[in-house]
Amino acid sequence: MLDDLRNGTSPKGHPPELSRDEELHAYREMLLIRRFEEKAGQLYGMGQIGGFCHLYIGQEAVVVGMQMTVREGDQVITAYRDHGHMLVCGMDPKGVMAELTGRRGGYSRGKGGSMHMFSVEKNFYGGHGIVGAQVPLGTGLAFANKYRGNGNVSLTYYGDGAANQGQVYEAFNMAELWKLPVVYVVENNKYGMGTSINRASALTNLSQRGASFNIPGRQVDGMDVRAVKEAGEEAVAWARSGKGPYILEMLTYRYRGHSMSDPAKYRSKEEVDKMRHEHDPIEMVRQRLIASRRATEDDLKAVDKEIRAIVNEAADFAQTDPEPDVTELYTNVVR
Amino acid sequence: MATQVLMPALSPTMEEGKLAKWVKAEGDEVRSGDVIAEIETDKATMEVEAVDEGKIGKILIPAGTEGVRVNTPIAIIVADGEEAGASLNRAGKTNGAHAPADAATGGGEAARASVDVRVKDAREDAAPAAWDAASEIPEGTELVQITMREALRDAMAEEMRRDDDVFVMGEEVAEYQGAYKITQGLLDEFGARRVVDTPITEAGFAGLGVGAAFAGLRPIVEFMTFNFAMQAIDHIINSAAKTHYMSGGQIDCPIVFRGPNGAAARVGAQHSQEYSAWYAHVPGLKVIAPSTAADAKGLLKAAIRDPNPVVFLENEILYGIAGPVPKGDDWLVPIGKAKIARPGKDVTIVSWSRGMVYALDAAKQLEAEGIDAEVIDLRTLRPLDIDTVLASVRKTNRIVTVEEAWPVCSVGSEIVAQVVAKAFDYLDAPPTKVSGEDVPMPYAANLEKLALPNADRVVEAVKAVCYKG
């Protein structure tokens, strides 16, 4: 599997280095997601978060690298493993965590939950619970961009599981037919719930799934934020220039289960550990920062401390904020 | 032997058409398959082919004739040496309605785009239009007589002129001018940016439309019929209807899903379903099902301006029916308001869409028998204007609901349940439903007729609740 990932790196060999500021930014953002998700896992265990809770731990480099390639006005839409996407869009961790706990201060006033959050202000369009449905929706965001001629690009994320949904290909067809500014980011974490991609997909190279529509695609080492950023820049530039959609297959890995109650019988502990220890997206940045002497252990500890404070504050808020007023039951059904 | 060429029908619902053009002249030799004439309806054009070899002996209907009834002899083909005149006096072979099923596309989509829409009883009994204008339209308003098809088209065109964010998308809406010609002329006026032909990909374009609505555009998504919206129902419900709530009110979805709903004629079970109850069930949607041209226009304009997802259920059989519509571009009908289509005191009949044809026809028959029925046209199915229904029932003490849909868990079921719960003490008879039969729609003409409600069944149900007859 590591070989797969390495084969997926930039065709030019090593991806271009990031600047010190970029490395530190990526480190901070990825760490925020990691710590946020760990805390969400804890709160779930305490019974503070109900229902489904799909953690993004292990996949942080994908959204962080992609978000480094977009500009104000570009939209993001994804499925239900969405907490990381919201955080990199700049949504307030308190509002996200409070939605997880179903409180009135949550982004959806407690009525959406983990899978259903939105921020028009931050151009985050959800947060969708039906596998694959966000792909036509994200294509529609791109349609609106083209209709208005505003030059914005829609980043439409989906997983290797969703890659087998028919509507994904209906969207591909229209996106290429009408040259819509959309980048499809397929986060291939190897497992659609408990089914490995090899048992679910006839063609496992998901970057080639646009071939019959003439949509270009690339496989990318989604554990290396540099590789993600480099590929993302190419794809976003392609879409923004009016050439139509682009598919980026991010080879990534989730360390945790599909949702919280996951028997984890479908893969070995060794497989998970190997990825964690040898290819962790955060550890890679950390090691580069230290090795290049762009940051000291103390510098990074300070970042860790700052992140922990943000996450703890979010968790405190999410547990103390009141539940929605009962009158909220009947608000926002229609406008 | 001479053969009569008969005026063909483009579909089982076509009654008449225009003989647009003769391609052959009297005396011309023809072979089987040669195009001899072109005919036109308000919906489509088609070519008439010869099925026999011979010579055009006589043209019976000149080019340009309007309103030629289906099966009228339009020409006579004679064998060499034969006289045209003779054949009229004896039972010659007839050249039945032999024409390409869908001349405009060269076939292929015939099942989807069954053509023309006028049905005799629907047209003649389409009284709804008459009282419509009187009851709601301010006095002195200038009225124009247009079909529901034209009313829907005008509604879209006016709203597109008013707001650049409004666009229409769907299968065959642009270059083909609409499978049922509802979008006729829109491409010419608004161009391909705003009148968007989609591939045959309902889930995809419904989802794409919802995404565009999330981004603030106001899409009108046409389903060629609501039968095909089944492919897209996940986006209508999970993506369009629920997102405003799930986002705590942050995301609006100002989209209209529209197209013909319910049985057309002789198109079988997969093309003949009535979906009122399916959508009326869903919080977050508004659901509209008009029966007149004026309501169709005013409600579609209101739907396009509404900030919520609206399911707009039309009816193929009603498309060709004309009625008075206020002139101008400011005619709006409020969503969620039923209309008393015919005031009465003895019994309440509640219906919508094509059911109104049966309801009003029944009311007319009942009047002759001394029963004065009040007929309510719901027009909007969600939110349901139950107050208008309850007020009527409190007056008449009897209610019959009329719908083409299946009977189980239908809109009629909901009305009956609410009437029983909220006006129980006013009822003098059990509330009664007239509906389609609880079977997939059969194809055979006799069985299809049995599967659908009609005015006689409404009359029967009303007499039962009035304890008469």
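Residues numbered from 1 in each chain as written. Chains lettered and ligands numbered in written order. Predicted model: local features only at pLDDT ≥ 70, side-chain atom pairs only at ≥ 80, totals over all residues. Heavy atoms only, no water.

## Observations regarding the overall build of chain A
As a reminder, the rule being used: Elements are defined by DSSP. Helices are runs of H or I of four residues or more, strands are runs of E of two residues or more, and each kind is numbered from the N terminus. For the exposure calls, accessible area comes from a 1.4 Å probe over protein chains only, and a residue counts as buried if that area is under 20% of its type's maximum, exposed if over 50%, partly exposed in between. The contact rule is simple, with two residues in contact once any of their heavy atoms fall within 4.5 Å. Only the protein chains shown count as cover for residues, and the accessible areas themselves come from Shrake-Rupley with a 1.4 Å probe. Neither His nor the chain ends is counted toward charge; the positive residues are Lys and Arg and the negative residues Asp and Glu. Working definition for charges: the position is that of NZ of Lys, CZ of Arg, CG of Asp or CD of Glu.
Check the secondary structure of chain A and you find 12 helices and 7 strands. Principal axes of the C-alpha set define a box for chain A whose edges measure 55 × 50 × 40 Å. Sorting the 335 residues of chain A into buried and exposed places 59% on the buried side. Across chain A, the fraction of contacts at a sequence separation of at least 24, relative to all contacts at a separation of at least 6, is 76%. Only carbon and sulfur atoms are counted for the fraction: they give 50% of the accessible area of chain A, which is about 13200 Å². Mean positive and mean negative side-chain charge positions of chain A (41 and 44 charges, respectively) differ by 1 Å.

## Some thoughts on helix α11 (residues 281–291) of chain A
All names here are of chain A. Stated formally: Polar contact is the term for a pair of N or O atoms within 3.5 Å; when the atoms are in protein, one must be able to donate a hydrogen and the other to accept it, and sequence-neighboring residues count only if both atoms are side-chain atoms.
For α11, the set of buried residues is Pro281, Ile282, Met284, Val285, Arg286, Arg288 and Leu289. Of the surrounding elements, those touching the buried residues of α11 are α2 (20–45), α3 (60–67), α9 (225–240) and α12 (297–320). Measuring from the side-chain oxygen of the N-cap residue of α11 to the backbone nitrogen of Ile282 gives 3.1 Å; that N-cap residue is Asp280. In the segment just after α11, Arg293 is the residue with positive phi, at about 60 degrees.

## Digging into the domain arrangement of chain B
The criterion, for reference: The domain boundaries here were taken from an automatic or database domain assignment.
Looking at chain B, the domain boundaries give domain 1 (3–95), domain 2 (141–326) and domain 3 (339–465). Distance from the C-alpha centre of domain 1 of chain B to the C-alpha centre of domain 3 of chain B: 44 Å.

## Section: the environment of Tyr56 of chain A
All names here are of chain A. Tracing the chain through its elements places Tyr56 in the loop between α2 and α3. Residues Tyr56 and Gly222, spaced 166 residues apart in sequence, show a C-alpha to C-alpha distance of 13 Å. When residues no more than four places from it in sequence are discounted, the contact partners of Tyr56 are Ile33, Glu37, Val62, Val63, Arg81, Gly84, His85 and Glu187.

## Describing the pairing of strand β20 (residues 373–377) of chain B
Residue and element names in this part refer to chain B. The line we're drawing: Two strands form a pair only when DSSP identifies at least two bridges running between them.
Counting buried positions along β20 yields 5 of 5 residues, so the element is predominantly enclosed. The alternating pattern of β20 places Ala373, Val375 and Asp377 and Glu374 and Ile376 on opposite faces, both of which are buried. The sheet contact formed by strand β18 (residues 339–342) and β20 spans 3 bridges and is antiparallel. Along β20, the bridge assignment pairs Ile340 with Ile376.

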